[in-house]
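Single-letter residue listing:
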Amino acid sequence: MKTITIAIDGHSSTGKSTVARALAQHLGYVYIDSGAMYRTITLYALEHDMFENGLVKPNLLIEALPGIEVAFEKNELGQNVPHLNGRNCTIEIRQMLISELVSQVAAIPEVREKMVAMQRSFQTQGGVVMDGRDIGSVVFPNADLKLFMTATAEVRAQRRFIEIQESDPSVTYQQVYDNVVARDAMDSSRAVSPLIVADGAVVIDNSEMNQADQFQMILQLAQDRIYNRI
Ligand code: CDP
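A quick note: this is a predicted structure, and the numbers were derived from the prediction, not measured. (Residues numbered from 1 in each chain as written. Predicted model: local features only at pLDDT ≥ 70, side-chain atom pairs only at ≥ 80, totals over all residues. Heavy atoms only, no water.)

Q: Which residues make up the overall build of the chain, and what are the values?
A: Looking only at helices and strands, one finds nine helices and 10 strands in the chain. For 230 residues, the compact-globule estimate of 2.2 N^0.38 gives 17 Å, and the C-alpha radius of gyration of the chain, at 17 Å, lies within 12% of that figure. A principal-axis box enclosing the C-alpha atoms of the chain has dimensions of 55 × 40 × 35 Å. Sorting the 230 residues of the chain into buried and exposed places 50% on the buried side. Restricting to contacts in the chain with at least 6 residues of sequence separation, those with at least 24 account for 73%. (Helix = DSSP H or I, 4+ residues; strand = E, 2+ residues; numbered from the N terminus. Rg over C-alpha atoms; globule rule 2.2 N^0.38 Å. Buried < 20%, exposed > 50% of the residue type's maximum accessible area, 1.4 Å probe, protein only. Contact = heavy atoms within 4.5 Å.)

Q: Describe the side chain of Thr5, with residues and values.
A: Counting through the fold element by element, Thr5 comes out in strand β1 (residues 5–10). Within polar-contact distance, the side chain of Thr5 engages the side chain of Gln123 at 2.9 Å. In contact with Thr5, other than residues within four places in its own chain, are Gln123, Val128, Phe140, Ala143, Asp144 and Leu145. (Polar contact = N/O pair within 3.5 Å; in protein donor to acceptor, adjacent residues only side chain to side chain.)

Q: Summarise the sheet that holds strand β5 (residues 70–74); cite the residues concerned and give the values.
A: One open sheet holds the three strands; their spatial order is β5-β6-β7, and the pairing between them is antiparallel. Edge positions in the sheet fall to β5 and β7 (87–88), since each of these pairs with one other strand and no more. Note: β5 against strand β6 (residues 80–84), five bridges, orientation antiparallel. Its bridge partner lying in β6, Glu73 is registered against Val81. (Pairing = 2+ DSSP bridges.)

Q: Which residues make up the pattern of salt bridges, and what are the values?
A: A full pass over the atoms with the stated rule returns 10 salt bridges. For Asp184, the salt bridge identified is with Arg156, shortest N-O distance 2.8 Å. With Asp184 in helix α8 (residues 173–189) and Arg156 in helix α7 (residues 153–165), the pair connects residues that are 28 residues apart, well separated along the chain. Looking at Asp184, the relative accessible area reads 10%, which means it is buried. For Arg190, the salt bridge is made with Asp187, and the minimal N-O distance between the two is 3.7 Å. For the pair shown, Arg190 and Asp187 are each scored as buried. The network of salt bridges with shared partners includes Glu47, Arg87 and Glu92. (Salt bridge = Lys/Arg side-chain N within 4 Å of Asp/Glu carboxyl O.)

Q: An account of the site of the ligand is requested, with residue identities and associated values reported.
A: Close to the ligand lie 20 residues; Ser13, Arg39, Arg112, Arg160 and Asp187 are nearest. One of the side-chain nitrogen or oxygen atoms of Arg112 is found 2.7 Å away from an oxygen atom of the ligand. Between the ligand and Arg190, the relevant distance is 2.8 Å, taken from an oxygen atom to a side-chain nitrogen or oxygen of the residue. Broken down by secondary-structure element, the contributors of at least two residues to the shell around the ligand are α2 (34–47), α4 (96–106) and α8. (Near = heavy atom within 4 Å.)

Q: I'd love a proper account of the sheet that holds strand β2 (residues 30–33), names of residues and values included.
A: Strand order across the open sheet formed by five strands is β2-β8-β1-β9-β10, with parallel pairing between neighbours. The sheet is open, and its two borders are formed by β2 and β10 (202–205), each paired with just one other strand. Neighbour to neighbour, the strand axes of the sheet diverge by 20 degrees on average, direction disregarded. For β1 and strand β9 (residues 145–150), the ladder comprises five bridges, and the chain directions are parallel. The residue of β9 that forms the bridge with Ile8 is Leu147. α2 contacts β2 and β8 (128–132) of the sheet and is inclined by roughly 40 degrees relative to β2. The strands touched by helix α9 (residues 211–226) within the sheet are β1, β9 and β10, with β9 carrying the most contacts at an inclination of about 160 degrees. (Axes fitted to C-alpha atoms, helices over the stretch in contact; angles between N-to-C directions.)

Q: Give a detailed account of the side chain of Gln104, specifying residues and quantitative values.
A: With respect to the helices and strands, Gln104 occurs in helix α4. Once residues within four sequence positions are removed from consideration, Gln104 is found in contact with Phe51, Gly54, Leu55, Val56 and Met186.

Q: A description of unusual backbone geometry should follow, citing residues and the corresponding values.
A: Unusually for a residue other than glycine, Ser13 sits at a positive phi of about 55 degrees. Following the sequence through the fold, Ser13 ends up in the loop between β1 and α1 (16–27). Here Ser13 falls in the buried class, since its relative accessible area comes to 8%. For Asn228, which is not glycine, the phi dihedral falls at a positive 55 degrees. Tracing the backbone through its elements, the reader meets Asn228 in the segment after α9. For Asn228, a relative accessible area of 54% puts it in the exposed group.

Pasting the structure below:
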């Protein structure tokens, strides 16, 4: 059976990671959360005082890049989890503060260059499911299946708000909503690799779709390609 590359892009908090992980597990593929990589670099920048008045100092970060090792290691459940210079940073990179700063870091061309090279290296290992913002447009323009996921900002903020309550109950719905909207605007308008609907991508608005139905629909799209039905 042939293995395929699946690229899932879309707006923030559309459930890309959830469906990508489930799909990879079902197909026995590698799952890579490319957003976690930008979040990990952002954590490094934060820990090394590379922000002033909420703005990243790009030159400092670019200079430090060769010494920043972003890696995925398997956890006890066999899932790939992000590590920063050898340290598991899964929990820390989900903080609201990282969500508020990450899009600036992801807009730096040198950061993207380093991350994209690493992302491409995962394709040599067989079937891959990767989610992010530029996977179908830049990282794997020849992906066998490209998806673009979206939903209304209100629905997305509500989903993310419920999720974040578990780790940080002090975060308000308004904060989450503002972050979702601000990140979409920055990610879509940046000069390098902006968030776009990649050529040939299937657009899925999941505002009114439940997770199980969405999974079945995407699995079908993947299987059509695996078995050469389209
Ligand atoms: O919070 P959510 O899961 O929607 O986002 P994420 O996938 O964790 O990505 C966090 C941020 O990283 C995005 O808002 C983008 O600024 C950036 N990113 C990117 O520029 N390119 C990617 N391939 C993935 C993420």
